[in-house]
Amino acid sequence: MEHYQSLHHVRGRITGLKHFRDETAPDEWESRTLRSFEAGREEAVEFTDMGGKTYLRVMRPLQTEESCLKCHEVQGDHSGDVRGGISIAVPMEQYLEYRRKELTTHARSFLVLWVLGFGSVGIAGWKLLRSVRAQDSAELLLRELQNNYRALIDNSMTGIYINQDNTIKFANSKFAEIHGFSAGEMVGMDALSLV
């Protein structure tokens, strides 16, 4: 375990509340966890602070088996008792840094997408608004021209009408007056009946 710790900075060890050497003595977290194992807990997983750095700590209980009693029976152990635990502490600094970089990359990507999306919507909206304004302006001009045309036709001294398939579709007031009708009565009449 010491060799693995020197290579990968992952601390692993076997410890117990009953220990013979100071090197195997549990720290505060391990002592608390070992007592919870005696109360029935099966595993402990926590993020803790060790020496100012964040570690993921995992611990599982070691139970006394029949084969263990050859050496540990004199200590009062019985088969099935919690003898201690296997503890591992993984430094999280590199994983947290990787997560920070990944979150930053994702945030930048989403920001670019957001800007492009809203920019596209804004440009499309501006073009649509410009098109609607141009259409409104054209419709207003068309209405003015139609009103001017209608005023010119209605006030003309000449009778004017529109004939389609021998049916009168439009007649100005002068044309209606010439034939003795109102302009409204003339619309829909058979043009040949006026001859």
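For the structure itself, look to the data block above.
Here goes a summary of the coordinates provided.

Reading the values: rules and limits
Residues numbered from 1 in each chain as written. Predicted model: local features only at pLDDT ≥ 70, side-chain atom pairs only at ≥ 80, totals over all residues. Heavy atoms only, no water. Core = buried A, V, L, I, M, F, W, Y, C linked by side-chain atoms within 4.5 Å. Buried < 20%, exposed > 50% of the residue type's maximum accessible area, 1.4 Å probe, protein only. Helix = DSSP H or I, 4+ residues; strand = E, 2+ residues; numbered from the N terminus. Contact = heavy atoms within 4.5 Å. Salt bridge = Lys/Arg side-chain N within 4 Å of Asp/Glu carboxyl O. Polar contact = N/O pair within 3.5 Å; in protein donor to acceptor, adjacent residues only side chain to side chain.

1. Overview of the nonpolar core
If you look at the biggest cluster of nonpolar residues, it comprises 7 residues: Ile168, Ala171, Phe175, Ala176, Met186, Met189 and Ala191. Secondary structure elements with two or more residues in this core: strand E6 (167–171) and helix H5 (173–179). Other than its neighbours up to four places away in sequence, methionine 186 contacts Ile168, Ala171, Phe175, Ala176, His179, Phe181 and Leu194. Membership of the second largest hydrophobic core comes to 5 residues, among which are Trp29, Leu34, Phe37 and Met59.

2. Re the side chain of arginine 13
Following the sequence through the fold, arginine 13 ends up in strand E1 (residues 11–15). Look at arginine 13 and you get buried, because its relative accessible area is 14%. Contact partners of arginine 13, with chain neighbours within four places excluded, come to Met1, Glu23, Thr24, Ala25, Pro26, Asp27, Glu30, Gly85, Ile86 and Ser87.

3. Concerning the pattern of salt bridges
On inspection of all chains with the given rule, the structure shows 8 salt bridges. Put simply, aspartate 27 and arginine 57 hold a salt bridge, and the shortest N to O gap is 2.9 Å. Of the two residues, aspartate 27 is situated in the loop between E1 and helix H2 (28–38) and arginine 57 in strand E3 (residues 53–63); the sequence distance between them amounts to 30 residues. Classification of aspartate 27 by relative accessible area gives partly exposed; the value is 24%. On the basis of relative accessibility, which here comes to 3%, the residue arginine 57 falls in the buried class. Where arginine 32 meets glutamate 28, a salt bridge forms, and the shortest distance between an N and an O atom there is 4.0 Å.

4. Considering H2
Those residues of H2 that sit buried are Trp29, Glu30, Ser31, Thr33, Leu34, Ser36 and Phe37. If you follow the buried residues of H2, they end up packed against E1, strand E2 (44–50), E3 and strand E4 (82–91). Here H2 starts with a cap whose side-chain oxygen sits 3.2 Å from the backbone nitrogen of tryptophan 29, and that cap is aspartate 27. Immediately beyond the C-terminal end of H2, within one or two residues, lies glycine 40, with a positive phi of roughly 115°.

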